[in-house]
Amino acid sequence: MNRLNWNSLDGAGQRAALARPPQSRADSLRSGVEQIVARVRADGDSALRELSARFDRCQLVAIEVTEEEFRAAEAKLAPELKAAIDEAAARIEAFHRATAPTPVALDTANGVRVERVLRAVGRVGLYVPAGSAPLPSTALMLGVPARIAGCREVVLCSPARADGCCDEAVLYAARSNGVHKVFKLGGAQAIAAMAYGTASVPKCDKLFGPGNAWVTEAKLQVSADPDGAAIDMPAGPSEVLVIADADANPVFVAADLLSQAEHGPDSQVILLSPATAMLDAVAAEVARQCAALPRAEIAEQALAQSRLIAVDSLAQAIDVSNRYAPEHLILQVNNPRELLDGIESAGSVFLGAWTPESVGDYCSGSNHVLPTYGYARSYSGVSVASYQKQITVQEVSPEGLRTIGPCTVTLAAAEQLEAHRRAVTLRLAALEDAA
């Protein structure tokens, strides 16, 4: 990991210290995704089979997972894994139900009722990656809030293995938590299929879920097309920023950094600390723990573009963190809640020595589909609200129009919108005539 002192850096150096690994939207990637999307739109299921054979090295007969495959997947799962999936789903559901939007009705003036009603997005498409490792937890994080929101149809795509089957745990998590249809599709072709529809895959209104550069580029392209589909948020590689004081446990800190580094070679981890001895201890501990990881080679590539940064104080660490806007922020400090009010931009925050980011990834109840690559400055993680539309309603009585009509007339006149003004004055005049 690269060692830096924040206060010895000039402005350019500080920007470089917080720079993410470059996300290529090179012409080759953009063009490659455009070609895949066009193929799927033109040739539908036949293109999906050909692309799956090329990229996933599997021959698909049926694109959709069958009832028999769901039953076989559940039968293969160990009872303890099914129990863990069910336990995690229950906590995710509890938190997401408690934080779901609620309808509102308010009289803003006598005779003026304004409401907010909620309507679920009709059909949603969920993407669950399965590149270097299957992610049943992502099926939970996407499926549970979609079910709570009441989406009419929930579609999920996840790449098939070489044997033509999806991961058993992903199938169990999906089926047991409200997903209606699962398709054995991955990559940009899965995004295109859900955005535009094929003979097998229904067209979806909004797409959710993380993925590699091809998936991310495909989501950006279909969301920019009026005939495509909306998306949850822009996304990039996984990342964590840890703030540690002199009393933090370097073993815990190193483990938290590595838990994100092992996601992929383009993941990024950053440690901020005012304690030089802590930075030294964590550097040594990261090297020791990384050597024992099954995914050590992946983690080492991520660590090569990660940072250990010395700061003057915890207050400065918070300022630097807000500037970076991490997907995950871990506060390994005494009295972490004292720092919470200062945090302005983070996808999810983990307080104290006993709160590893891993619990948020799986089963604390919060959602792990979060804004990355600095988008935490302006985006929130996936929630029930992500699957709903909030529609406002207003109803005005004659007395209400007498009350707020003059205000409307004045503002419409100021904006020189005469038809707007007359829509009110004609009604006010009718009320006067009827009096």
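Keep in mind it's a predicted model, so treat the numbers as computed, not measured. (Residues numbered from 1 in each chain as written. Predicted model: local features only at pLDDT ≥ 70, side-chain atom pairs only at ≥ 80, totals over all residues. Heavy atoms only, no water.)

### Digging into the overall build of the chain
Looking only at helices and strands, one finds 17 helices and 14 strands in the chain. Scored against the burial criterion, the 435 residues of the chain give a buried share of 49%. Within the chain, residue pairs in contact and separated by at least 24 positions form 76% of the contacts whose partners lie at least 6 positions apart. Charged side chains of the chain number 39 positive and 51 negative; the gap between the two group centres comes to 6 Å. (Helix = DSSP H or I, 4+ residues; strand = E, 2+ residues; numbered from the N terminus. Buried < 20%, exposed > 50% of the residue type's maximum accessible area, 1.4 Å probe, protein only. Contact = heavy atoms within 4.5 Å. Lys, Arg positive; Asp, Glu negative; His and termini not counted. Charge placed at Lys NZ, Arg CZ, Asp CG, Glu CD.)

### Things to note about helix 2 (residues 27-43)
With 17 residues, helix 2 extends 24 Å between its outermost C-alpha atoms, agreeing within 8% with the 24 Å of an ideal straight helix rising 1.5 Å per residue. Those residues of helix 2 that sit buried are Leu 29, Gly 32, Val 33, Ile 36, Val 37 and Val 40. Along the axis of helix 2, the buried residues cluster in a sector spanning 130 degrees; they form a single face. Pointing more than 90 degrees away from the buried face of helix 2 are the exposed residues Asp 27, Ser 28, Gln 35 and Ala 42. Lining the buried residues of helix 2 we find helix 3 (45-55), helix 8 (187-196) and helix 9 (213-223). Trailing helix 2 by a residue or two, Gly 44 shows a phi angle of about 55 degrees, which is positive. (Expected span 1.5 Å × (residues − 1). Arc of directions from axis to C-beta.)

### Structural notes on the sheet that holds strand 1 (residues 2-5)
Read across the open sheet, the 6 strands follow the order 1-11-10-9-12-13; overall the sheet is parallel. Each edge of the sheet is formed by a strand with only one pairing partner; in this case those strands are strand 1 and strand 13 (348-351). For this sheet, the mean angle separating the axes of adjacent strands, direction not counted, is 15 degrees. By the bridge criterion, 4 bridges tie strand 10 (residues 268-273) to strand 11 (residues 307-310) in an arrangement that is parallel. Residue pairing across strands places Ser 273 opposite Ala 310, the latter belonging to strand 11. (Pairing = 2+ DSSP bridges. Axes fitted to C-alpha atoms, helices over the stretch in contact; angles between N-to-C directions.)

### Structural notes on helix 3
Within helix 3, burial applies to Asp 45, Ala 47, Leu 48, Leu 51 and Ser 52. Angularly, the buried residues of helix 3 cover 150 degrees about the axis, an arc narrow enough to put them on a single face. Next to the buried residues of helix 3 lie helix 2 and helix 8. Of the residues trailing helix 3, Arg 57 is marked for its positive phi of about 55 degrees.

### Describing the pairing of strand 11
Going residue by residue along strand 11, you find Arg 307 and Ile 309 tucked away on one face and Leu 308 and Ala 310 tucked away on the opposite face as well. Across 4 bridges, strand 1 lies against strand 11 in parallel orientation. Note that in strand 11 the partner of Asn 2 across the bridge is Arg 307.

### Observations concerning the pattern of salt bridges
Pairs can form between side chains of opposite charge whenever their charged atoms are close. With the rule as written, the count across this model stands at 22 salt bridges. Across the salt bridge formed by Glu 67 and Arg 175, the nearest N and O atoms sit 3.1 Å from each other. A residue pair is termed long-range when its members are at least 10 positions apart, and Glu 67 in helix 4 (residues 67-76) and Arg 175 in helix 7 (residues 168-175) qualify at 108 residues. On the accessibility criterion, Arg 175 (33% relative accessible area) is partly exposed. A salt bridge links Glu 418 to Arg 422, with the nearest nitrogen and oxygen atoms 2.9 Å apart. Taken as a pair, Glu 418 and Arg 422 lie in helix 17 (residues 418-434) at a separation of 4 residues, close to a single helical turn. According to the relative accessible area criterion, Glu 418 is partly exposed, its value standing at 35%. (Salt bridge = Lys/Arg side-chain N within 4 Å of Asp/Glu carboxyl O.)

Take it as geometry only, folks, not as evidence of what the structure does.
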